[in-house]
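Per-entry structural report
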Amino acid sequence: ALPQLAEWSYPGKVWAPEIIRWSDGTYRLYYTTRSPEPEWQCISVAVSDTLAGPYTDSNTEPLICELDEGGSIDQSPFIASDGTAWLYWKNDGNAKGVDTWIRVQQLTDDGLGVTGEITDLLQQDLPWEAELVEGPVVVEIDGLFHMFYSGNGYWTSSYAVGHATASSPTGP
């Protein structure tokens, strides 16, 4: 699906693809890949005319890359019923020993960039979440936004799925 990585990235830790159909009929593949330096993970986006690809990533830098917070992973695109497009993700704080946040930012009209302010939505502040929250996915049902996400370490038997609701894509 993605025969060549963006020029700024390199093989290894290329994972968590999320595909969404864009309003013009093309497709966007948002994925996690390695940053150029240091070796944290960042988010990028590739485009294809068909769902099956191939996808092309012509970016010269990451879409989102919070190096001071351990990198950025677990991206999830979402288009609300009003047509606005959003990208949810997690800063990979647990990789660096800092707090994790699930964040959201509006996507540009073409889905290849972000615009506006970043909004922090959830932090690992409930006992069951332990040291991290991750893997957000949002759906809209009758004007209510439902976020499903994981908490705790995936390597533990306490790893679980949480559910949060909001009246807008940016919470609270």
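Overview of the structure. Just so we're clear, the structure is a prediction, and the values are computed from it rather than from any experiment.

**Points about the nonpolar core**
- Counting twelve residues, the largest nonpolar core is built from Phe78, Ala80, Trp86, Tyr88, Ile102, Val104, Leu122, Val133, Val138, Phe145, Met147 and Tyr149.
- The set of elements that each furnish at least two residues to this core consists of β5 (85–91), β6 (101–107), β8 (133–141) and β9 (144–151).
- No other element matches the three residues that β9 contributes to this core.
- Excluding its chain neighbours within four sequence positions, the residues that come into contact with valine 133 are Lys90, Thr100, Trp101, Ile102, Leu122, Gln123, Gln124, Tyr149, Ser150 and Gly151.
- In this structure, Ile20, Ile64, Ala85 and Leu107 belong to the second largest nonpolar core, which totals eleven residues.

**Looking at the pattern of salt bridges**
- This structure, assessed with the given rule, holds six salt bridges.
- The salt bridge partner of arginine 103 is glutamate 66, with a shortest N-O separation of 2.6 Å. With arginine 103 in strand β6 and glutamate 66 in the loop between β3 (41–48) and β4 (72–79), this residue pair connects regions lying 37 residues apart in the sequence.
- Lysine 90 is the salt-bridge partner of glutamate 134, the closest N and O atoms lying 3.3 Å from each other. Taken as a pair, glutamate 134 in strand β8 and lysine 90 in strand β5 lie far apart in primary sequence, 44 residues in all.
- The buried category is assigned to glutamate 134, whose relative accessible area is 9%.
- Judged by its relative accessible area of 0%, lysine 90 falls in the buried class.

About the thresholds
- Residues numbered from 1 in each chain as written.
- Predicted model: local features only at pLDDT ≥ 70, side-chain atom pairs only at ≥ 80, totals over all residues.
- Heavy atoms only, no water.
- Core = buried A, V, L, I, M, F, W, Y, C linked by side-chain atoms within 4.5 Å.
- Buried < 20%, exposed > 50% of the residue type's maximum accessible area, 1.4 Å probe, protein only.
- Helix = DSSP H or I, 4+ residues; strand = E, 2+ residues; numbered from the N terminus.
- Contact = heavy atoms within 4.5 Å.
- Salt bridge = Lys/Arg side-chain N within 4 Å of Asp/Glu carboxyl O.

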